[in-house]
Amino acid sequence: MDRPDATFTLAYIVFVLCFVFTPNEFRSAGLTVQHMFSEWLGSEDISFIQHHIRRTTLTLLFHSFLPLGYYIGMCFAAPEQNLMYIHHASQGWQIYFGLSLAIQLLSCALAFYWSRRGWANHPICQALSTHALPHSSWRAVASSINTEFRRIDKFASGSSSARVIVTDTWVMKVTTYSLRVALHQDCHLTVTDSKHHSLSAELNTPVQIVTITVASINPRVKPFDIRLKSTEYVELQEKLHAPIRNAANVVIHLTMSELFLETFKSYVRLNEVYRCPSGQELEPCIGCMQVNANVKLLRLCQGDSEGECQQCYCRPMWCLTCMGKWFASRQDQQQPETWLSSRAFTTLNLIFLSTSVCFFKTFVPPKLQTYPMTVNCMSRKSQKKQYI
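What comes next concerns the included structure.

Observations concerning the pattern of salt bridges
This model, assessed by the stated rule, comprises five salt bridges. Salt-bridge contacts for Arg3 lead to Asp5; the nearest nitrogen and oxygen are separated by 2.7 Å. With relative accessibility at 55%, the residue Arg3 sits in the exposed group. The salt bridge involving Lys239 is made with Asp153; its shortest N-O contact spans 3.3 Å. Of this pair, Lys239 sits in helix 9 (residues 233-239) while Asp153 sits in the loop between helix 8 (138-149) and strand 1 (155-159), and the two are 86 residues apart along the sequence. Looking at Asp153, the relative accessible area reads 43%, which means it is partly exposed. One network of salt bridges, in which partners are shared, links Arg151, Asp153, Asp168 and Lys239.

Structural notes on the pairing of strand 4 (residues 179-183)
Judged by how many residues are buried, strand 4 sits mostly within the fold: four of five residues are covered. Joining the antiparallel neighbours strand 3 (residues 170-175) and strand 4 is a turn of three residues.

Things to note about the sheet that holds strand 6 (residues 207-216)
The strands that make up a sheet pair up through hydrogen bonds in the backbone, lying either parallel or antiparallel. Spatial strand order, 5-6-7: three strands in an open sheet with antiparallel pairing. The sheet terminates laterally at strand 5 (187-197) and strand 7 (224-229), the two strands that pair on one side only. This sheet shows a mean twist of 25° between the axes of neighbouring strands, independent of strand direction.

Cut-offs and rules
Residues numbered from 1 in each chain as written. Predicted model: local features only at pLDDT ≥ 70, side-chain atom pairs only at ≥ 80, totals over all residues. Heavy atoms only, no water. Salt bridge = Lys/Arg side-chain N within 4 Å of Asp/Glu carboxyl O. Buried < 20%, exposed > 50% of the residue type's maximum accessible area, 1.4 Å probe, protein only. Helix = DSSP H or I, 4+ residues; strand = E, 2+ residues; numbered from the N terminus. Pairing = 2+ DSSP bridges. Axes fitted to C-alpha atoms, helices over the stretch in contact; angles between N-to-C directions.

As structure tokens, this is what we get:
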């Protein structure tokens, strides 16, 4: 890319995506609205609601400025297009400048409208007013939430762009542009979906994300979804006053070992399939004695030096579930991110990897095709009559 305008366009697109969705690298570098304007936003621990009212407003203004910022940057990246003087620019750039400026002016007008009457017009304040008692206002609800958020026993999960916060009275979801609130006593929580990821971005370990729908009996409160890790599910249940319904019969893996077992099974399904001889009888798994053995260890690695994987000549004795539990139990429990790439020892001190575990199929020889034969059978009495 020798053209400066193309280079600037690509760099600006990457910057916009990182600034809007905020990866960990940008967050650690302080390139977020909350960090750059922390003094004006105030402390979240002291004034939780007021902090997010200012944060969502400032985020709206900054994000709406991004299209206009691209135009300003192109004025310096492509001076030959005369973008400094809008009447000299091409028609396409004039239209783009007009739309960008209109978006910025509309966002400024919306922010000004929200700030009127002491921020009473802000969507967060409107949402809080639905929970206010008669002859009360959203400020009383905000004061209650601020007080409970200062307590150390609250439940908090997720990143800054999608946080789930549960206090003694409230269930809250914090997003980039909004804050959703529901009362414990008015809402029903239902598990609706789950997604299993082999590796998480934070710890390089398996993770299961559970989706829970929060529905309130208050008709003015719209239902919303919260997402959290399956390992945090029990902590959320302890904080809530009502049970969480599992309408979709979702299997929730509450421990790291259960999450690893699902990932271990998915990796084994990608390995080579071992064909078991037809005369070999399958025995129950020596780990659980509930199902027949269905996996065998095969040496698939290429290393020949001492200490590498070794061939196992034992007959199949384990099922996949028990083999995965054995493999996980032989790993460093303090570093689960290294489990898949680690090794384990069998009861005979043979080293094996996760890629050494293979399903097997019993070899069934092809059957010989037979053809029906017609045989005429006659009784002794009929035979005698024939000879007479």
